[in-house]
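Inside the fold
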Amino acid sequence: MSIRVVVADDQELVRSGFSMILEAQQDIEVVAEAGDGAEAVEAVRRHTPDVLLLDIRMPVMDGLEAARRVCAQSSCKVVMLTTFDLDEYVYDALYAGASGFLLKDVRRDDLVHAVRVVAGGDSLLAPAITRRLVADIVRRRREEAATGATPDRLDVLTAREVETLRMLARGLSNAEIATTLFVSEHTVKTHVSNVLSKLGLRDRVQAVICAYETGLVAPGSP
């Protein structure tokens, strides 16, 4: 069964180029293209795709608002596209529910890989964006510490769920977590689902952000 994709970008050449790359794959079908955020939301409603590639800066309705609406109204996974690795909207996009964030100069193979990964229920960030994101989280934690703020969001989790969240933040796959904890992948999926549900998170990207924000993991920790 093909992965159904909508490509939304206000630049026709970029939109067409991404569509051509994806259409060349046997397991991916581009069901629609959109030139602005409003068209993207309507395309998702009409075609019910698995993945929406969405430019973050577009006319009529920007990518952030489009992502919020798509994530709130459907199960479609959203991958945000930007020309800037230091885009100030990274946080907003992820909290809006985006499952991935890619630079527009992404390599052909990496674009295809991203669509497959996100369609499979995982999340993906460009390395440069991940580094920036973690650095910003650390800065915010230091500011909170200076004001005496202490995050207690993780109190609702069991010890095993906390450990699962820690491993998610370190980039381990479900299979790797299962091996480390000596449990089945099905059990790991249950733990991950519980973590997301209890913390009110949409996906693994938001779980990683939460792990850093609460101090559960720190940059460079093993």
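Here's a quick rundown of the structure.

Let us look at the overall build of the chain. Assigned secondary structure in the chain consists of 10 helices and six strands. Out of the 222 residues belonging to the chain, those deemed buried represent 49%. In the chain, 66% of the contacts between residues at least 6 apart in sequence involve partners at least 24 apart. Counting every atom, the chain has about 11100 Å² of accessible surface; 50% of that belongs to carbon and sulfur.

So, about the pairing of strand β3 (residues 51-55). On a regular strand, one side chain projects to one face of the sheet and the next to the other, so that they alternate. Of all five residues in β3, five are buried; the element is thus mostly enclosed. Sheet analysis places strand β1 (residues 3-8) next to β3, joined by four bridges and oriented parallel. Among the inter-strand pairings, Val7 is bridged to a residue of β3, identified as Leu53. In this sheet, strand β4 (residues 77-82) lies alongside β3 in parallel orientation, the contact comprising five bridges. Within β4, the position partnered with Leu54 by the bridge is Met80. A crossover links β3 with its parallel partner β4, the connecting element being helix α3 (residues 63-73), and its sense is right-handed.

Our next topic: the environment of Ala98. Within the secondary structure layout, Ala98 lies in the loop between α4 (90-95) and β5 (100-103). Separated by 46 residues in the primary sequence, Ala98 and Leu52 place their C-alpha atoms 9.5 Å from one another. If near-sequence neighbours (up to four positions away) are discounted, Ala98 is found in contact with Cys71, Val78, Met80, Ala93 and Asp203.

With respect to the helices and strands, Ala43 occurs in helix α2 (residues 37-47). Assessed through its relative accessible area of 7%, Ala43 is described here as buried. Contacts of Ala43, omitting those with residues within four sequence positions, involve Val6, Ala32, Thr48 and Pro49.

One pass over the full model with this rule turns up zero disulfides. Residue Cys71 stays outside any disulfide, its sulfur separated by 7.6 Å from that of Cys76, the closest cysteine. By relative accessible area, which is 10% here, Cys71 ends up buried.

Glancing now at the pattern of salt bridges. All told, the structure shown has 11 salt bridges when counted by the stated rule. Note that Glu65 is salt-bridged to Arg68, the shortest N-O span being 3.4 Å. Placement of both Glu65 and Arg68 in helix α3 is noted, with a separation of three residues, approximately one turn of the helix. Exposure remark for Glu65: the relative accessible area of 27% places this residue in the partly exposed category.

Cut-off values and rules
- Residues numbered from 1 in each chain as written.
- Predicted model: local features only at pLDDT ≥ 70, side-chain atom pairs only at ≥ 80, totals over all residues.
- Heavy atoms only, no water.
- Helix = DSSP H or I, 4+ residues; strand = E, 2+ residues; numbered from the N terminus.
- Buried < 20%, exposed > 50% of the residue type's maximum accessible area, 1.4 Å probe, protein only.
- Contact = heavy atoms within 4.5 Å.
- Areas by Shrake-Rupley, 256 points an atom, 1.4 Å probe, with all protein chains shown as cover.
- Pairing = 2+ DSSP bridges.
- Right-handed = clockwise from strand over helix to strand, strands pointing away.
- Disulfide = S-S within 2.5 Å.
- Salt bridge = Lys/Arg side-chain N within 4 Å of Asp/Glu carboxyl O.

On their own, these measurements won't tell you what the molecule is for.
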